[in-house]
Amino acid sequence: VKSLVGNFMFVFRRVLANSFFPVLQPAIGVGSAFEGWSPREKDIIYCMLIPLKPPRGHAFHLEPVSEGEMTERNFCIRVELQCSCIREQVIRDMLCFLHHPEEELRRNQDPSLLHTLCTGPYLDVRKTALWFQQLVKAAWVALPESAKCHLTVLPSSRSCIFQVTRSYTKRLTIELMFGVQQGDSDIFVSSQSTEAIYTPSTTWPESYAVAEVKLFRQMAREVPPDTFLHLRCLQIYARILVGTGFSTYTFKTAVMHLLTAIPLSGWRRRHFLQRLQGIMQYLRCCLEEKRLDHFFFGNKEVPEEIILPPDLRMAKTLNLFQRLAQDPAAHAKVWSDIVEL
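Bear in mind the structure is a predicted one, so any value in this text is a computation, not a measurement. (Residues numbered from 1 in each chain as written. Predicted model: local features only at pLDDT ≥ 70, side-chain atom pairs only at ≥ 80, totals over all residues. Heavy atoms only, no water.)

**Regarding a nonpolar patch on the surface**
Part 1 of the argument: Together, Ile86, Val90 and Ile91 make up a nonpolar patch on the protein surface, roughly 340 Å² of accessible area in all.
Part 2 of the argument: As for its placement among the helices and strands, Ile86 is situated in helix H3 (residues 85-90). (Patch = residues over 30% accessible without salt bridge, like charges linked within 9 Å, V, L, I, M, F, W, Y side chains within 5 Å. Areas by Shrake-Rupley, 256 points an atom, 1.4 Å probe, with all protein chains shown as cover. Salt bridge = Lys/Arg side-chain N within 4 Å of Asp/Glu carboxyl O. Helix = DSSP H or I, 4+ residues; strand = E, 2+ residues; numbered from the N terminus.)

Below, the structure written as C-alpha cells:
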C-alpha cells in the first residue's frame, strides 16, 4: 500500500509542480491496519492521510467552528492570498494575485486556489475530494501497476477511496484522506467523516489519527518482546462488537488509557485473560459513571513524544459518553450489550 501510494504521490508532485493547488506532503498510514490490530481478516481498508500545504502566494488559517455543546472540535480552513511581489521580482515564477489586475491574471496565470477548491474563502472538502479522485484516475495510466491491475474509484464525498484488483483474486481497498497540520503537532484537521447527520463541506473535523498511530508504534517498541498483547485484545473485541452499541473507538480509547496506567511489564502473554477482563471492567465502570474521557483532551498521561497543540493539552476533558448520559434508553441498550459481552 505504501509503495503504491508513493508511486501516485511521485506522479502528483510532477503534475502539480507549478500549479496553485494544495501542495501534497508524504502520506501517513493511519487507522487499525497501520496500528496493527485490524479487525478484518479480509477486505481490509487501508487508510492514509495526506497533509496539505498552501501553494505559492497562499496561506492557510484554521478557524474553530463553534456548534453549541462540544462533542468534537471542528475547524474551517480559511485560504488567504499573500503578496508575492518580491518573489515575482526574484524568481519570476508567478504574478502577485494581490497586486496585478484581474484581467492580466486571467490572461497569464492559472486561477488561485480560492477560485478552484474553495467555497467563499474556505477550502471545500467535497471539491478537494472530487479533484483528488480525478487526479488518481488520470495518474493511474502512468503507474507500473496499471499494466497488471485494474483501478476502480469508489463514490465518496469527503475522501478518495479506490480499489486495485489483480486477476480478480487479490484486491486492495485504500482510502486517502486529506488534512492540515496544526502547527508542528501530531494533530490535524482532516476530511474524515463525522457522526453528525450533516457536515458542511467547509467543515474539517479535528483528527487524532496520526497521534494514535504514533502512540501505538511507540508502545510496540516498549512492550515486552514476546507479545503485542494490547493489539490482540483490541483485535478480539473489535471482531465481537458487530451488532452492539459499542464502537471500536470506545474500546480503543479504553486500551489507550490502560496502556498509560498499567506498567508495560503487565502486558505479557501470561496476562492475556487479565488484560481482557480489565478492559471490560474499565468500560463497565465508565458506563456506571456515564463517562469515558477522550484520550487526548487535557490528559496529563499522554506521552511527551506525542506532540499536542497547547490548547488541547490544557483543554477540559471531553466525555465520549455524553450522549449516553443524556439518553437513558441508549444507555440501557449499551449496558445490556456490555453485560452480554
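**Section: the domain arrangement of the protein**
Part 1 of the argument: Segmentation of the protein into domains returns domain 1 (1-207) and domain 2 (223-340).
Part 2 of the argument: On a C-alpha basis, the centroid separation for the pair domain 1 and domain 2 is 31 Å.
Part 3 of the argument: Listed per partner, the contact involves 17 residues of domain 1 and 19 residues of domain 2.
Part 4 of the argument: With both chains or domains summed, domain 1 and domain 2 bury close to 1500 Å², and 58% of this area falls on carbon and sulfur atoms.
Part 5 of the argument: Summed over the shared surface of domain 1 and domain 2, the number is 2 salt bridges.
Part 6 of the argument: A salt bridge links Glu35 to Lys252; the shortest N-O distance between them is 2.8 Å.
Part 7 of the argument: One can count 4 residue pairs in polar contact (both at pLDDT 80 or more) joining domain 1 with domain 2.
Part 8 of the argument: Partitioned by chemical class, the residues of the side of domain 1 that touches domain 2 number 4 nonpolar, 5 polar and 8 charged. (Domains from an automatic or database assignment. Contact = heavy atoms within 4.5 Å. Buried area = accessible area lost by both parts, 1.4 Å probe. Polar contact = N/O pair within 3.5 Å; in protein donor to acceptor, adjacent residues only side chain to side chain. Nonpolar A, V, L, I, M, F, W, Y, C, P; charged D, E, K, R; others polar.)

**Concerning the packing of aromatic side chains**
Part 1 of the argument: Going through the model one piece at a time under the given rule, you end up with 13 aromatic pairs.
Part 2 of the argument: Taken together, Phe8, Phe12, Phe21, Trp131, Phe132, Trp140, Phe162 and Phe178 form an aromatic cluster joined through their ring pairs.
Part 3 of the argument: Sitting over the ring of Trp267, Arg275 keeps its end group 5.6 Å from the ring centre. (Phe/Tyr/Trp six-rings, centres within 6.5 Å; stacked < 30°, edge-to-face > 60°. Lys NZ or Arg CZ within 6 Å of the ring centre and 35° of its normal.)

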